[in-house]
Amino acid sequence: MKRFEEKVAIVTGAGGGIGSAIARRLSSEGAFVVVTDVNAEAAAQVASDIEAAGGKARVIAADISSRDSCFNLVGQAFGWRNRLDILVNNAGINRRGNLLSLSDEDWDISFAVNLHSMFHLCRAVLPHMVAAGGGAIVNTASQWGLHPAPNHIAYNTTKAAVAAFTQNLARDYAPDKIRVNAVCPGEIHTPMLEAGVKRSGRTIADLDRLVPFGRIGKPEEVAALVAFLASDEAAFMCGSLVEITGAQAVA
Ligand SMILES: NC(=O)c1ccc[n+]([C@@H]2O[C@H](COP(=O)([O-])OP(=O)(O)OC[C@H]3O[C@@H](n4cnc5c(N)ncnc54)[C@H](O)[C@@H]3O)[C@@H](O)[C@H]2O)c1
């Protein structure tokens, strides 16, 4: 028996590095996966890979920085199979800057994409999960939300808020058997990380040296953790912030 047989999962940012790995992983374990991203082409590619591998995927292109689009997304996703079991709030953006160098626009859009989307998506999904007697939500925070890296005030602050949001939601809805947890990845090799490396003039090898484990992480390694947290194997995990950093967080 696969862990997610018959279950429906929404994965946001599923066209990106970590999101596509999560979507593939959940599908490989039997889930019907709603592959959603603002990048419709990337989402379509991931969904077609999933279908080619024998899985079931539905593409819904959506810009989750808008409240209406979050509610529309959940409405369409629920309409697919009349159930929603898992929500993976993975989409995120990383705008660089400190208090004085960051633009107002970058501050606002960071909160809209990284935090407010979770608020709206959870509000849209929760009534379905409560009615069904339970569900699992996994939010993507970051190591930097717990241990801030310099010059990323908006990103770090949104991710710290994601951690607090996760704990609050878990506390409030644990009695309804809705498990809410967050993953806090360190450096993971994705397009987002590649862009940051390019901007800073560093190399991947430079980052590898910063990690006690000797290398940065792979999207599939985060996907394995997300799948565990979304599964019944994590039945008593609720309100946890799980770091996945190759020991960088304790270095
Ligand atoms: N890569 C890392 O080192 C790292 C470390 C810690 C946390 N994270 C977090 O992991 C998550 C995934 O990041 P990634 O590294 O895979 O980045 P990525 O850039 O490869 O993927 C992010 C995806 O989110 C989508 N997205 C952005 N804005 C959106 C919007 N308004 N509506 C819908 N989708 C939108 C993008 O199109 C993209 O496909 C993010 O929340 C990121 O903050 C990444």
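Residues numbered from 1 in each chain as written. Predicted model: local features only at pLDDT ≥ 70, side-chain atom pairs only at ≥ 80, totals over all residues. Heavy atoms only, no water.

- By the naming in an unreviewed UniProt entry, the protein goes by Glucose 1-dehydrogenase and is assigned to Rhizobium lusitanum.
- Regarding the protein, the relevant UniProt record gives this comment under Sequence similarities (unreviewed entry): "Belongs to the short-chain dehydrogenases/reductases (SDR) family." (UniProt positions renumbered as here; feature names shortened; annotations may be inferred.)

1. Side note on the overall build of the protein
Item 1. Counting its regular elements, the protein contains nine helices and seven strands.
Item 2. Over its C-alpha trace the protein gives a radius of gyration of 17 Å, about what one expects of a compact globule, namely 18 Å for 251 residues.
Item 3. A buried classification covers 51% of the 251 residues belonging to the protein.
Item 4. Carbon and sulfur atoms form 54% of the exposed surface of the protein, whose accessible area is close to 11400 Å². (Helix = DSSP H or I, 4+ residues; strand = E, 2+ residues; numbered from the N terminus. Rg over C-alpha atoms; globule rule 2.2 N^0.38 Å. Buried < 20%, exposed > 50% of the residue type's maximum accessible area, 1.4 Å probe, protein only. Areas by Shrake-Rupley, 256 points an atom, 1.4 Å probe, with all protein chains shown as cover.)

2. Let's talk about the pairing of strand 4 (residues 86-89)
Item 1. The two faces of strand 4 match: I86 and V88 on one face and L87 and N89 on the other face are all buried.
Item 2. Pairing of strand 1 (residues 8-12) with strand 4 involves three bridges; the strand directions are parallel. Across the sheet, V11 pairs through a bridge with V88, a residue of strand 4.
Item 3. Bridge count for strand 4 against strand 5 (residues 135-140) is four bridges, and the pairing is parallel. Residue L87 lies in a different strand from strand 5, and its bridge partner there is I137.
Item 4. Running through helix 4 (residues 104-132), the crossover from strand 4 to the neighbouring parallel element strand 5 is right-handed. (Pairing = 2+ DSSP bridges. Right-handed = clockwise from strand over helix to strand, strands pointing away.)

3. Thoughts on the site of the ligand
Item 1. Around the ligand there are 30 residues in total, and D37, D63, N90, Y155 and T190 lie nearest to it.
Item 2. At 2.8 Å, a side-chain N or O of D63 approaches a nitrogen atom of the ligand.
Item 3. Here an oxygen atom of the ligand and a side-chain polar atom of T190 are 2.6 Å apart.
Item 4. When the ligand sits alone it has 820 Å² of accessible area, and the protein chains cover 90% of it.
Item 5. Elements with a contribution of two residues or more to the shell around the ligand: helix 1 (17-28), helix 6 (153-173) and helix 7 (191-200).
Item 6. Broken down by element, the shell around the ligand gets its largest block of residues, three residues, from helix 7.
Item 7. When the residues that make up the shell around the ligand are grouped by side-chain class, the tally is 14 nonpolar, 12 polar and four charged. (Near = heavy atom within 4 Å. Polar contact = N/O pair within 3.5 Å; in protein donor to acceptor, adjacent residues only side chain to side chain. Nonpolar A, V, L, I, M, F, W, Y, C, P; charged D, E, K, R; others polar.)

4. So, the nonpolar core
Item 1. Of all hydrophobic cores here, the largest spans 34 residues; its most connected members are I10, V34, L87 and I137.
Item 2. For this core, the elements supplying multiple residues, two or more each, are strand 1, strand 2 (32-37), helix 3 (67-81), helix 4, helix 6 and strand 6 (178-185).
Item 3. Leave out the neighbours within four places in its chain, and I10 touches V34, T36, V74, A77, L84, I86, L87, V88 and V125. (Core = buried A, V, L, I, M, F, W, Y, C linked by side-chain atoms within 4.5 Å. Contact = heavy atoms within 4.5 Å.)

5. Focus on the layout of surface pockets
Item 1. The space that makes up the second largest pocket amounts to roughly 210 Å³.
Item 2. Lining the second largest pocket are 15 residues, and of these S27, S28, G54, G55 and K56 lie nearest its centre.
Item 3. Within the residue set of the lining of the second largest pocket, elements represented by two or more residues are helix 1 and helix 2 (40-52).
Item 4. In terms of residue count, helix 1 provides more of the lining of the second largest pocket than any other element does, three residues in total.
Item 5. Taken together, the residues that form the lining of the second largest pocket break down as four nonpolar, five polar and six charged. (1 Å grid on protein atoms, 1.4 Å probe; cavity = no way out; pocket = protein on both sides within 12 Å on 5 of 7 lines; lining within 4 Å. Points joined across faces, edges and corners; volume = space filled by probe spheres on them.)

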